[in-house]
Amino acid sequence: MPVTRLKLGKLKVVRRQLLQRYEHQPFVSCLAGLYGCQWRRYQRARAQPGECCCSKVECGSFGLLILTFFLSFLFLYFWSEAQNDYNDFDWFNFGTLGFWFPWSLVLLVVAASLFTYIALLLVLAVCLLSEGQRLYLHWSHKTGIVVTLAFSVTATAILSDLWSKEWKTLLLSLQVTAPFLHVAAVSLMAVLSWPIALHFFRMNKKVRQVAVLGLYLSMLFSLYLVPLGMYSPCIKEAGTLGPAPRLIGHRGAPMLAPENTVMSFEKAVETGGEGLETDVTISYDGIPFLMHDSTLRRTTNVAEVFPNRTHLDASMFTWSELQQLNAGDWFLSRDPFGTVSSLSEVDRLQAQNQSVPSLAQFLEVAARGGRLVLFDLRRPPYGHPYSQSYINTTLQVVQAHINSSQVLWLPSEDRELVQAVDPELQQTSGEKASIQELTDSHITRLNLHYSTMSQQQISKYQSVNISTNLYVISQPWLYTLAWCAGAQSVTTNSIHVLSNINKPLFLMTPEEYSLMWILTDAVSALLIIAIFIFHWWRERGLPFWSGSRQTHENGPYSKFRTDSSEVICVRWSPLHSDPPAGALVSLPLVFNP
């Protein structure tokens, strides 16, 4: 029985089946090559009906991949939503390490890169499962998964310990992003229904089928019901949105000029700030001046001018010594917000020549523009000549340079005395309290961290004419939340950005949100049902339309498994009585390495 090879073109039926079987082989080769470095066909195998899609080791690797995907996404989402406080994070590291570096951006880039890598691996795995291929993950990818998992867990744990308040920011972000995350998650489950349905109908064990389908449906129904527990102040009836919060420049406009300098406050006024916020301390000879930190190391060149006094408290310098310092060079060299490149040459020259301003200079800028002022007042250390009289010294400067009604008086020390000396000051508290306590202290405004944002509390205080200012809000989505929650003002680093926002980024009526929720769930449910019906139909080998020919003998997994090099033909010799002499019989051979 001599064996000869036939040209594929002479066997039209076989050719049609081969084309049906191999039309996606380049695609599968690419998938298997990227996922498991299996670029050649003999290196991989298809999962046979009733078989598991991978070995126990590969099944564990796939489970670890899924876990890493969710944990890396959690950290990336957490760190992306923390952008509002990147500046604080970088300066915290500066104080700890002693040198400046944009750690926040580096961490964001690393997190985004690792998540993208894991997401691509997961897409490759899902595509291979959709093609009925057995999974095999290359050892280098397994190492990458372990590294990504370790990074995500470690970074999340460290930041949770050092910066736990950012979890409140994460919860606030869900009030804006939850509707869109819900749509994305439901869409992802609809996509995953294809490989899940495909393997569900291949399984010959009822227990395994029930486990897979039960897990999938429980996750799907949970996602369908998630919106029931969602709350957002931006889902409100039409016409109930209040006016946009007024903008108070945090240390001026620190993205456009060095913080706490005359230039910074002038930029804040130019870009639409209705108020100016700063920090005040008292020099050794009794001149109130602007400085946020306890030392001069971060925002001046004190290390060059007074190298032996870099760690001294800022209030231990005289005014004449402070005037010798440059308060702008650091802004150009460190570029804390990444905005220096957007400044004009004139602005850069002006920033380079900034000095430490006095409180009087600051108040004059605010008085010229008719702006509100809000400042923290730091008590000088023990032994300072003005450690007992710093409040009176500051009050005298305020009364001499600005109308007291423009001042939001924040210091809590000796509040009753201050109120008696100058009743026109707008008494402002940095802490929540009962309405009775606030009114007894003549409080007219609260200055609270944005993480304490609550629509109910803001409304409650507003009902007794106590306004709420939230700090520090620099991201548009946070500004949107503050607007929807009814805050009267916000302290911000990005006046030039927020002043251009004319409406909330996210605003829906309850009816619009319900329609969005119902349509998303209904469309995805119909699509998933259709996909399961499609795979059930294919598995039974039924024709898809009237008059069509059945192309599968026993479902989609019993296709003709050869390629053109594997089709051989046996010519029967006349010695055989059956089949007739000269008959050609093609015998497809299946090779499973």
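Worth saying up front: this structure is predicted, and the values here are computed from it rather than measured.

(A) Local environment of the packing of aromatic side chains. Within this structure, the stated rule accounts for 30 aromatic pairs. Measuring from centroid to centroid gives 5.9 Å for tryptophan 536 and tryptophan 537, while their planes differ by 75°, and the two rings are edge-to-face. For tryptophan 537, a relative accessible area of 31% puts it in the partly exposed group. Within the aromatic cluster, the residues linked to one another by ring pairs are Phe75, Phe78, Trp79, Tyr86, Phe89, Phe151, Trp163 and Trp167. When the ring centre of phenylalanine 306 is taken as reference, the NZ or CZ atom of arginine 309 above it lies at 5.2 Å. The side chain of arginine 309 reaches across the aromatic face of phenylalanine 317, ending 4.2 Å from its centre.

(B) Just empty space enclosed by the protein, in detail. The tally for this structure, following the rule as stated, stands at four cavities of 30 Å³ or more. Quantified by volume, the largest cavity comes out at close to 70 Å³. Forming the walls of the largest cavity are Glu259, Asn260, Thr261, Leu290, Met291, His292, Thr299, Thr300, Ala327, Trp330, Val356 and Pro357. When its residues are assigned to classes, the lining of the largest cavity shows six nonpolar, five polar and one charged. Forming the boundary of the second largest cavity are Asn87, Asp88, His250, Arg251, Pro254, Glu259, Phe337 and Asn493.

(C) Looking closely at the layout of surface pockets. What the largest pocket holds in volume is close to 1700 Å³. Considering the residues around the largest pocket, the lining is formed by 41 residues, among which Ile66, Phe70, Met189, Leu192 and Met219 are closest to the centre. The dominant element in the lining of the largest pocket, judged by the number of residues it contributes, is helix α7 (residues 166-200), at 15 residues. Considering only residue class, the lining of the largest pocket consists of 37 nonpolar, two polar and two charged. Inspection of the lining of the largest pocket shows a minimum of three residues originating in each of domain 1 (12-164) and domain 2 (177-223 + 508-539).

Rules of the game
- Residues numbered from 1 in each chain as written.
- Predicted model: local features only at pLDDT ≥ 70, side-chain atom pairs only at ≥ 80, totals over all residues.
- Heavy atoms only, no water.
- Phe/Tyr/Trp six-rings, centres within 6.5 Å; stacked < 30°, edge-to-face > 60°.
- Buried < 20%, exposed > 50% of the residue type's maximum accessible area, 1.4 Å probe, protein only.
- Lys NZ or Arg CZ within 6 Å of the ring centre and 35° of its normal.
- 1 Å grid on protein atoms, 1.4 Å probe; cavity = no way out; pocket = protein on both sides within 12 Å on 5 of 7 lines; lining within 4 Å.
- Points joined across faces, edges and corners; volume = space filled by probe spheres on them.
- Nonpolar A, V, L, I, M, F, W, Y, C, P; charged D, E, K, R; others polar.
- Helix = DSSP H or I, 4+ residues; strand = E, 2+ residues; numbered from the N terminus.
- Domains from an automatic or database assignment.

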